[in-house]
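An overview of the molecular structure
Spelled out, the chains give:
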Amino acid sequence: MNQNQPLRTLGRTPQKSPLTLYGTEIASRLLLGTALYPSPQIMSDAIRAARADIVTVSLRREQARGRTGERFLDLIRALPVRLLPNTAGCRTAKEAITTAEMARELLETNWIKLEVIANDDTLQPDLFGLVAAAEELGKRGFEVFPYMTEDLSAAERLVAAGCRVLMPWGSPIGSGRGLANPHALRTLRAYFPDLPLVVDAGIGAPSHAAAAMELGYDAVLLNTAVAKAHDPVRMASAFADAIDAGRAAFEAGLIAPSDRAQPSTPVAGTPFFDLDPPKNR
Amino acid sequence: MTSTTTRLREITVNGSTVATASDTVDALVAEQGFGGVKVATAVNGDFVPERRRADTALAVGDHVEILSVRQGG
């Protein structure tokens, strides 16, 4: 290896397999939320620093005689990103389906991040409502990104409903607790080796995101950990680096953990070591 | 509530009670100041596409949602 090669370029190989979501090739494996930033400018700067290709947006009540939505849309459309509208806050399949239809009309996209929320404390997905909504939205031509728990039976139902990407939570939205159940996430990954899987929610630190990528997850969707950081722009960049690193590690092939130590330095030729123990010591 | 001049009906718009003279969703959207603004509408939980607003009639007690795009996670 050329010792004079700049360190930054070492090992920066292109991705082996690009991420494809519903037929669209996506360069960035970091999907970023647009909420909770200190200012619109910081949000825009953070999206650029994250090198994100997909950002999530919501639908909310427009204020009387207001154009708040249009102003936000102008801001976000100035960025080179694709929009993934969500159904955040919906509590029933019907609410989510109606919200998805409204989002499709406003944003002219079939993509919908489907959220059907079961519980206020955990914001955990209502899997029954989620499956019902996904089935109906699939019939109506939507391309559904379901926010789910890591439940395997729900995953199977969602795939049967036509979902071609699944988004299990890491831990509850905004909790920053990382991957609460890495074993179940690993099981899900093994069960659907070819389906795009995105860890959505609960990510608090770049190391959490890297861990998800090392498990073989295709991407990570996060918001709060960047938006509520002391310096959101810098944190966005840190997450982008961590996700790149985690993906590269997965593609490179991680070693299997072992219970016993194994010397990394060759044993052969170890000094001060004789097969016959010294006699007079 | 009755009126001798204009027939007003009481409906709910984005969670607030409104007395409106509008007969249709299209008229309501304009009356509420959203004429020419990019919004999406629903009545009683059902999506009303923009092209159907003009022939979607409003009745007393209807719940109308008028939404636009916002920040989200």
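Residues numbered from 1 in each chain as written. Chains lettered and ligands numbered in written order. Predicted model: local features only at pLDDT ≥ 70, side-chain atom pairs only at ≥ 80, totals over all residues. Heavy atoms only, no water.

1. What about the confidence of the model for chain B?
Threshold: Per-residue confidence from the predictor is reported as pLDDT, which spans 0 to 100.
Put simply, chain B has an average pLDDT of 92, and 92% of its residues get 70 or more. Scoring of the predicted complex yields 0.90 for pTM and 0.92 for ipTM.

2. Quick word on the packing of helix α5 (residues 152–160) of chain A against helix α6 (residues 182–191) of chain A
All names here are of chain A. How we decide: A fitted line through C-alpha atoms represents every axis, and for helices the fit uses only the stretch in contact; the resulting angles, taken between N-to-C directions, go from 0 to 180 degrees. A run of H or I in DSSP becomes a helix once it reaches four residues, and a run of E becomes a strand once it reaches two; helices and strands are each numbered from the N terminus. Take the far helix as your reference; a near helix turned counterclockwise from it by less than a right angle gives a left-handed crossing, and one turned clockwise gives a right-handed crossing. When checking whether two residues touch, look at their non-hydrogen atoms; a contact exists if any pair is within 4.5 Å. Asp, Glu, Lys and Arg are counted as charged, while Ala, Val, Leu, Ile, Met, Phe, Trp, Tyr, Cys and Pro are counted as nonpolar; the rest, among them Gly, fall into the polar class.
Contact geometry for α5 and α6: axes closest at 11 Å, N-to-C directions at 35°. Where α5 crosses over α6, the handedness of that crossing is right-handed. Of the residues in α6, those touching α5 at Leu 152, Ala 155 and Glu 156 are Thr 187, Leu 188 and Tyr 191. Residue composition of the contact of α5 with α6, grouped by class: four nonpolar, one polar and one charged.

3. Details of the nonpolar core
Nonpolar side chains in soluble globular proteins tend to be buried together. Definition in use: Residues belong to a common nonpolar core when they are buried Ala, Val, Leu, Ile, Met, Phe, Trp, Tyr or Cys residues joined through side-chain atoms within 4.5 Å. Burial here depends on accessible area, computed with a 1.4 Å probe over protein chains only, as a share of the maximum for the residue type. Under 20% is buried, over 50% is exposed, and the range in between is partly exposed.
Grouped together as the largest cluster of nonpolar side chains are 84 residues, with contacts concentrated most on A:Leu32, A:Leu114, A:Val144 and A:Leu166. Counting residues per element, this core draws most heavily on helix α3 (residues 93–107) of chain A, which supplies eight residues. When near neighbours in sequence (up to four residues on either side) are disregarded, A:Leu32 contacts A:Tyr37, A:Ala46, A:Ile47, A:Ala50, A:Ala52, A:Ile54, A:Val55, A:Thr56, A:Leu222 and A:Val226. B:Ile11, B:Phe34, B:Val37 and B:Leu58 belong to the second largest nonpolar core, which has 14 residues in total.

4. A short note on the packing of aromatic side chains
Residue and element names in this part refer to chain A. Where we set the bar: A pair of Phe, Tyr and Trp rings is counted when the ring centres sit within 6.5 Å of each other, with Trp represented by its six-membered ring. The angle between the planes then sorts it: under 30 degrees is stacked, over 60 is edge-to-face, the rest tilted. Charge-over-ring placement is defined geometrically: NZ (Lys) or CZ (Arg) within 6 Å of the ring centre, and within 35 degrees of the ring normal.
Applying the stated criterion to the full structure yields three aromatic pairs over all chains. Relative to Phe 145, the ring of Trp 111 lies with its centre 4.9 Å away and its plane at 55°, an arrangement referred to as tilted. Note that Trp 111 is positioned in strand β6 (residues 111–114) and Phe 145 in strand β7 (residues 143–148), a separation of 34 residues in sequence. Pairing Tyr 191 with Phe 192 gives two aromatic rings, centres 5.1 Å apart and planes at 80°, and the pair type is edge-to-face. Residue classification places Tyr 191 among the partly exposed residues on the basis of a relative accessible area of 42%. Note on Phe 192: relative accessible area 11%, which makes it buried. These aromatic residues form a ring-pair network of at least three members: Tyr 22, Trp 111 and Phe 145. If you follow Arg 82 out to its NZ or CZ, it ends over the ring of Trp 111, 3.9 Å from the centre. Over the ring of Tyr 217 we find Arg 189, and its NZ or CZ is 5.9 Å from the ring centre.

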